[in-house]
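# Coordinates in review
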Amino acid sequence: AETEPPTVEETEPEGAAYTLEHGELVSAIQNEIDGRNVLVVKAKISSSYNNAATVDQNYYNVEDLIQNQGCAEFDEIQYWAVADMSAGSEQNVVSFTVGSDLIKSIFDKSVVANQLGDYVEDLYIHTSLAE
């Protein structure tokens, strides 16, 4: 019998098992909070062609994680996106929480990515993107 190579989780940095459609994955950390399985995703994004598109790319990231990368198993996903601001500092620009019912709805495609802003909890959008 051949020996199995080490699993990906052992050899790659934390969260490297996931990829983002837009931007760069900074970290993806699994936590257990009050008995719930929670994934905290931190992304670094760039501006898109307009503010709505810059915000929407985060929803597409979450949709892809849930539909194509196994993240439907989580009870909650907390998503944070940072970006370099014109002054050169990195700031949180978009953050939101996806609860378990919404995760299921995204997984079964009853809610599509560009509608997520209407459903997510704790939605924060930086003033520079809210215009």
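Residues numbered from 1 in each chain as written. Predicted model: local features only at pLDDT ≥ 70, side-chain atom pairs only at ≥ 80, totals over all residues. Heavy atoms only, no water.

## Section: the overall build of the protein
Applicable threshold: A helix here means a DSSP run of H or I that spans at least four residues, while a strand means a run of E at least two residues long, and both kinds are numbered starting from the N terminus. Only protein chains enter the area calculation, which uses a 1.4 Å probe; residues under 20% of their type maximum are buried, those over 50% are exposed, and those in between are partly exposed. Here, two residues are considered to be in contact whenever any of their heavy atoms come within 4.5 Å of each other. Using the Shrake-Rupley algorithm and a 1.4 Å probe, accessible areas are obtained, with residue cover drawn only from the displayed protein chains.
Across its full length, the protein holds four helices and five strands. By residue count, 37% of the 131 residues in the protein fall in the buried class. Summarising the internal contacts of the protein: among those between residues at least 6 apart in sequence, 56% fall at separations of at least 24. Carbon together with sulfur atoms contributes 46% to the accessible area of the protein, which is approximately 7700 Å² in total.

## With respect to the pattern of salt bridges
Note on pairing: side chains with opposite charge can pair once their charged atoms come close. We apply this condition: Here, a salt bridge means any side-chain nitrogen of Lys or Arg that lies within 4 Å of a carboxyl oxygen of Asp or Glu.
With the rule as written, the count across this model stands at three salt bridges. A salt bridge links Arg36 to Glu76; its shortest N-O distance comes to 2.7 Å. Here Arg36, found in strand β2 (residues 36–44), pairs with Glu76, found in strand β3 (residues 76–84); they are 40 residues apart in sequence, far enough to count as distant. For Arg36, a relative accessible area of 30% translates into the label partly exposed. Note that Asp84 is salt-bridged to Lys44, the shortest N-O span being 3.2 Å. On the criterion of sequence distance, the pair formed by Asp84 in strand β3 and Lys44 in strand β2 is long-range, its members being 40 residues apart. Since its relative accessible area comes to 48%, Asp84 is described here as partly exposed. Here the salt bridges do not stand alone but share partners, grouping Lys44, Asp84 and Glu90 into one network.

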